[in-house]
Amino acid sequence: MERTRSLRWAGRYFLYTTGLGLLGLLLVGLGGYLAYSGLMLGPETIYGVPYPHVTSTSFFGIVPVVLGVVVWRAGKAWALYHTLSGAVSEELGDTYDTEHVKSDIVAVLDDRLADMQQDLQSVNREVRDLKEAEEFEFNTAD
């Protein structure tokens, strides 16, 4: 594979993973913000320090966090599959171009047919020469 193609596919992979990683990080940040904003300091204290109570809003922060991790991991897998399969299919498309393969096969067959035709013509000449030699031998025996 050419270097420019390799760099192009590596760049695509980098852009895909970076974009989806940032989207996942944004979702994790949103979930963290929701979870943190849902905490309330209650009247109970531990050694005089109030401790936070979890409210229902902070539970909603779990959903974007999980979704962010899923987007990051699934996006990374998708980017790998997409760029790797695209690069391989592009390289195979150039390597095994059907028209090129067809023309190579036709060229080889033409060469073989030309060789066979030359062989046939030489065999025909030899058979003709043999017949002429046999006729000559029979004519001298009379």
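Structural data are supplied above this passage.
What you are looking at is a predicted structure, and each value in this text was computed from that prediction instead of being measured.

**Thoughts on helix H1 (residues 3-37)**
Relative to the 51 Å expected for 35 residues at 1.5 Å per residue, H1 spans 50 Å between its end C-alpha atoms, a close match to the ideal helical length. Within the span of H1, buried status applies to Arg5, Trp9, Thr17, Gly21, Gly24, Leu27 and Gly31. Those residues of H1 hidden inside the fold are in contact with helix H3 (62-95).

**Digging into the packing of aromatic side chains**
A full pass over the atoms with the stated rule returns one aromatic pair. On the basis of an interplanar angle of 55° and a centroid distance of 5.1 Å, the ring pair of Tyr16 and Trp78 is categorised as tilted. Of this pair, Tyr16 sits in helix H1 while Trp78 sits in helix H3, and the two are 62 residues apart along the sequence. In this arrangement the basic side chain of Arg12 is found over the ring face of Trp9, its NZ or CZ atom lying 4.4 Å from the centre. Its guanidinium or amino end placed over the ring of Trp72, Arg73 lies 5.4 Å from that ring's centre, counting from NZ or CZ.

**Some remarks on H3**
The end-to-end C-alpha distance of H3 is 49 Å, a good match for the 50 Å that 34 residues give at a rise of 1.5 Å each. Along H3, the residues classified as buried are Pro64, Gly68, Gly75, Ala79, Thr83, Gly86 and Ala87. For H3, the elements touching its buried residues are H1 and helix H2 (56-60).

What counts and how
- Residues numbered from 1 in each chain as written.
- Predicted model: local features only at pLDDT ≥ 70, side-chain atom pairs only at ≥ 80, totals over all residues.
- Heavy atoms only, no water.
- Helix = DSSP H or I, 4+ residues; strand = E, 2+ residues; numbered from the N terminus.
- Expected span 1.5 Å × (residues − 1).
- Buried < 20%, exposed > 50% of the residue type's maximum accessible area, 1.4 Å probe, protein only.
- Contact = heavy atoms within 4.5 Å.
- Phe/Tyr/Trp six-rings, centres within 6.5 Å; stacked < 30°, edge-to-face > 60°.
- Lys NZ or Arg CZ within 6 Å of the ring centre and 35° of its normal.

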